[in-house]
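Each chain, letter by letter, is given below.
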Amino acid sequence: EDAKTVAKWEGLGMPGSGWSVCRGYCYCILDPTGKIDRDFKLPEKKVKALKPEKGATIRPKRGKSPELKSKLNKTENRIKSKRKEEFYAFDENGEIIFHKKGTKEHVPFTNFDILDMKSNKVKVVTHNHPPIYGKNGIRNATFSFEDIELVMKWDLLEMRAVGRDKVFIFRQGEDALSGGIEWKRFGEKIQSKMNDAIDMWYTDPELNRLFYKERLITEFEAMSMATEKVLIEIAREYGWVYETIPI
């Protein structure tokens, strides 16, 4: 057991809210009076046994509901040309349970924002990446390391980033690595892989030609293309799916 004041526990996150390694399976009980009988029976949960692989948390996957698909489509069409980032979090039924506006580069989150989203069982999040102007016009930007960290640590079904004419999607596959424990084990390795995107400007023949030799793309566009190649590799290795769809 762990003794803290009720105020401290409320600030950290209530039992079962998802903040701890137990996530929604926490059976802790707050006892502000110290009078609760220590002999009590926990509720039984039937969990189907699944064989783990590579340290991943493996569980049955659920598709998006029609309501969620419709709400995502409407939201993403509305924010795709915005000049500042906007972040939306949805539950499995398509209800918007969190929305926040940010700057041209990012959306800042407070600890209370994070606790709010975790306690409300966020499953799908989307946000726009404001248009970037290069030699060949507006370009789309894929995910950042912070995006991938969020989607894996929070055990989300799907993370989406909206560009000018397409949506980038990073979603759970059948054997997806996710959850706080696994992220502590693999997070640094994933970050290292994304940092490798910088070296790809030199080592990847296509990027080397487009950026260094012919100067057909900007530095930002080269970085985005290199990051996309790395994300495909990360998704394949950790059981996720990386894809793009037109908008």
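As shown above, the structure is provided for reference.
Residues numbered from 1 in each chain as written. Predicted model: local features only at pLDDT ≥ 70, side-chain atom pairs only at ≥ 80, totals over all residues. Heavy atoms only, no water.

1. Notes on the pairing of strand β2 (residues 96-101)
Two strands pair when backbone bridges link them, and strand β1 (residues 86-90) and β2 are joined in this way by five bridges, in the antiparallel orientation. Note on β2: the bridge partner recorded for Tyr-88 is His-99. Counting the residues in the hairpin turn of β1 and β2 gives five residues, including Gly-94, whose phi is positive at 90 degrees. (Pairing = 2+ DSSP bridges. Helix = DSSP H or I, 4+ residues; strand = E, 2+ residues; numbered from the N terminus.)

2. A look at the environment of Ala-161
On the secondary structure map, Ala-161 appears in strand β6 (residues 158-162). What makes Ala-161 buried here is its relative accessible area of 0%. Between the alpha carbons of Ala-161 and Lys-80 there is a distance of 9.2 Å; along the sequence they are 81 residues apart. Beyond its immediate sequence surroundings of up to four residues, Ala-161 is in contact with His-127, His-129, Phe-143, Lys-166, Val-167 and Phe-168. (Buried < 20%, exposed > 50% of the residue type's maximum accessible area, 1.4 Å probe, protein only. Contact = heavy atoms within 4.5 Å.)

3. As for the packing of aromatic side chains
In this structure the tally under the stated criterion is ten aromatic pairs. Where Phe-186 meets Tyr-238, the ring centres are 5.6 Å apart and the plane angle is 65 degrees; that geometry is what we call edge-to-face. Of the two residues, Phe-186 sits in helix α5 (residues 180-195) while Tyr-238 sits in helix α8 (residues 219-238), which places them 52 residues apart along the sequence. One exposure class covers both Phe-186 and Tyr-238, and it is buried. With 4.8 Å between their ring centres and 75 degrees between their planes, Phe-211 and Tyr-212 make a pair best called edge-to-face. For Phe-211, a relative accessible area of 8% corresponds to the buried category. Lying across the ring of Phe-211, Arg-215 places its NZ or CZ 4.8 Å from the centre. (Phe/Tyr/Trp six-rings, centres within 6.5 Å; stacked < 30°, edge-to-face > 60°. Lys NZ or Arg CZ within 6 Å of the ring centre and 35° of its normal.)

4. Focus on the sheet that holds strand β3 (residues 124-128)
Spatially, six strands are ordered β2-β1-β3-β6-β7-β8 in an open sheet, and the strand pairing comes out mixed. Strand pairing shows two members of the sheet lacking a second neighbour, β2 and β8 (240-246), which therefore form its edges. Ignoring which end each strand starts from, the neighbouring axes of this sheet average 15 degrees apart. Each of β1, β2, β3, β6 and β7 (166-172) is contacted by helix α2 (residues 66-79), which is oriented at about 175 degrees to β1, the strand it contacts most. Across the sheet, helix α3 (residues 111-119) is in contact with β1 and β2; its angle to β2 comes to roughly 155 degrees. (Axes fitted to C-alpha atoms, helices over the stretch in contact; angles between N-to-C directions.)

5. What to know about the nonpolar core
Within the largest apolar cluster, 40 residues are counted, with the highest numbers of intra-cluster contacts made by Val-125, Phe-143, Ile-148, Met-152, Phe-170, Ile-190 and Trp-240. Here this core takes seven residues from α8, the largest share from any one element. Setting aside its immediate chain neighbours within four residues, Val-125 contacts Phe-87, Tyr-88, Ala-89, Leu-150, Leu-156, Glu-158, Met-159 and Arg-160. One finds Phe-90, Val-124, Leu-157 and Ile-169 within the second-largest nonpolar core, a separate group that totals ten residues. (Core = buried A, V, L, I, M, F, W, Y, C linked by side-chain atoms within 4.5 Å.)

6. Quick word on α2
The end-to-end C-alpha separation of α2 is 20 Å, in line with the 20 Å expected for 14 residues at 1.5 Å each. Burial in α2 covers these residues: Leu-68, Leu-72, Thr-75, Glu-76 and Ile-79. Mapping the buried residues of α2 onto a view down its axis gives an arc of 95 degrees, with all of them on the same face. Projecting away from the buried face of α2 at angles above 90 degrees are the exposed residues Pro-66 and Lys-74. Here the buried face of α2 lies against β1, β2, β3, β6 and β7. (Expected span 1.5 Å × (residues − 1). Arc of directions from axis to C-beta.)

7. Regarding the pattern of salt bridges
Evaluated as defined, the whole model comprises ten salt bridges. Ionic pairing is found between Arg-160 and Glu-76, a salt bridge with its closest N-O pair at 2.6 Å. Taken as a pair, Arg-160 in strand β6 and Glu-76 in helix α2 lie far apart in primary sequence, 84 residues in all. Comparing Arg-160 with Glu-76, the two get one shared label, buried. Where Glu-237 meets Lys-189, a salt bridge forms, and the shortest distance between an N and an O atom there is 3.2 Å. With Glu-237 in helix α8 and Lys-189 in helix α5, this residue pair connects regions lying 48 residues apart in the sequence. What makes Glu-237 partly exposed here is its relative accessible area of 25%. A residue is classified by how much of its surface remains accessible, and Lys-189, at 43% relative accessible area, is partly exposed. (Salt bridge = Lys/Arg side-chain N within 4 Å of Asp/Glu carboxyl O.)

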